[in-house]
Amino acid sequence: MKIAGKSRGAFLAILAVLLLAALLLPQLVSAGWHLAHGRTVNYRTWKVEVPFGWYAISRGEGMSLERMSEFPWQQNPVATFLPMHFAKTYAFQYDLFAQEQEGTLRAMGYLFAEQRDVRVAGKDGRCWIFDHRKNHDQLWIACVVPKDLTSADYEGSRAYANDFFSLLTASQHNPAVVN
């Protein structure tokens, strides 16, 4: 009987350790990423500070900053940076871009909520915030900085939207890259 009690106690201890590791996994992954890569990443002409709890991944021409969620059933917030493919001499039209974003995101269940001007790495840009029509906690934020030919989108919980705006507006020009 005591062996069964010891086995049960060992099982519960292992289960507690595994549960604690699962709860701390996002922080452990982020800490490991930050130890290996530092606090910032360079994307095109931008030097982006990666908040603790987030990590960066290269994705083809783009880059994503992701935050691990504490629970596997939650969607991870992600910020995606992509190049825009048009000549620097192209007369970018914010209104036309906004119309295209609104139509595309409406088809995905998002409704326009607000527009916000931003300054990223010393250049002017604009963001459009879209609210999911069924889950008001879910946002899509589409940002563009035409002078840098770069877009940055956020998809995720409203709770982390300010993290996205902070990392975006805190981004600096990368002096190693000639623009």
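Below is a summary of the structure that appears in this document. (Residues numbered from 1 in each chain as written. Predicted model: local features only at pLDDT ≥ 70, side-chain atom pairs only at ≥ 80, totals over all residues. Heavy atoms only, no water.)

1. Considerations on the nonpolar core
Point 1. Counting 30 residues, the largest nonpolar core has Val41, Trp46, Leu65, Phe81, Ile141, Phe164 and Leu168 as its most contacted members.
Point 2. Considering every element that reaches this core, the biggest residue donor is helix 3 (residues 161-169), with five residues.
Point 3. One finds Phe130, Trp140, Ala142 and Val144 within the second-largest nonpolar core, a separate group that totals eleven residues. (Core = buried A, V, L, I, M, F, W, Y, C linked by side-chain atoms within 4.5 Å. Buried < 20%, exposed > 50% of the residue type's maximum accessible area, 1.4 Å probe, protein only. Helix = DSSP H or I, 4+ residues; strand = E, 2+ residues; numbered from the N terminus.)

2. Some words on a nonpolar patch on the surface
Point 1. Side chains of Phe11, Leu12 and Leu15 sit close together on the surface and give an oily, nonpolar patch of about 300 Å² of accessible area.
Point 2. In this structure, Leu12 sits in helix 1 (residues 2-37).
Point 3. A residue is classified by how much of its surface remains accessible, and Leu12, at 44% relative accessible area, is partly exposed. (Patch = residues over 30% accessible without salt bridge, like charges linked within 9 Å, V, L, I, M, F, W, Y side chains within 5 Å. Areas by Shrake-Rupley, 256 points an atom, 1.4 Å probe, with all protein chains shown as cover. Salt bridge = Lys/Arg side-chain N within 4 Å of Asp/Glu carboxyl O.)

3. Considerations on the sheet that holds strand 10 (residues 172-173)
Point 1. On the basis of which strands lie adjacent, the open sheet formed by three strands has the order 1-2-10 and antiparallel pairing. In this open sheet, the two strands that pair with only one neighbour each are strand 1 (40-43) and strand 10.
Point 2. Looking at chain direction, strand 2 (residues 46-49) and strand 10 are connected through two bridges and run antiparallel. Across the sheet, Trp46 pairs through a bridge with His173, a residue of strand 10. (Pairing = 2+ DSSP bridges.)

4. Quick word on the state of the cysteines
Point 1. Taken as a whole and assessed by the stated rule, the structure comprises one disulfide.
Point 2. A sulfur-sulfur separation of 2.0 Å characterises the disulfide bridge that pairs Cys127 with Cys143. Disulfide Cys127 to Cys143: torsion about the S-S bond roughly 110 degrees, handedness right-handed. Taken together, the residues span a long stretch of sequence, with Cys127 in strand 7 (residues 123-132) and Cys143 in strand 8 (residues 138-145) at a distance of 16 residues. Neither residue differs from the other here; Cys127 and Cys143 are each classed as buried. (Disulfide = S-S within 2.5 Å.)

The analysis is restricted to geometry; functional conclusions fall outside its scope.
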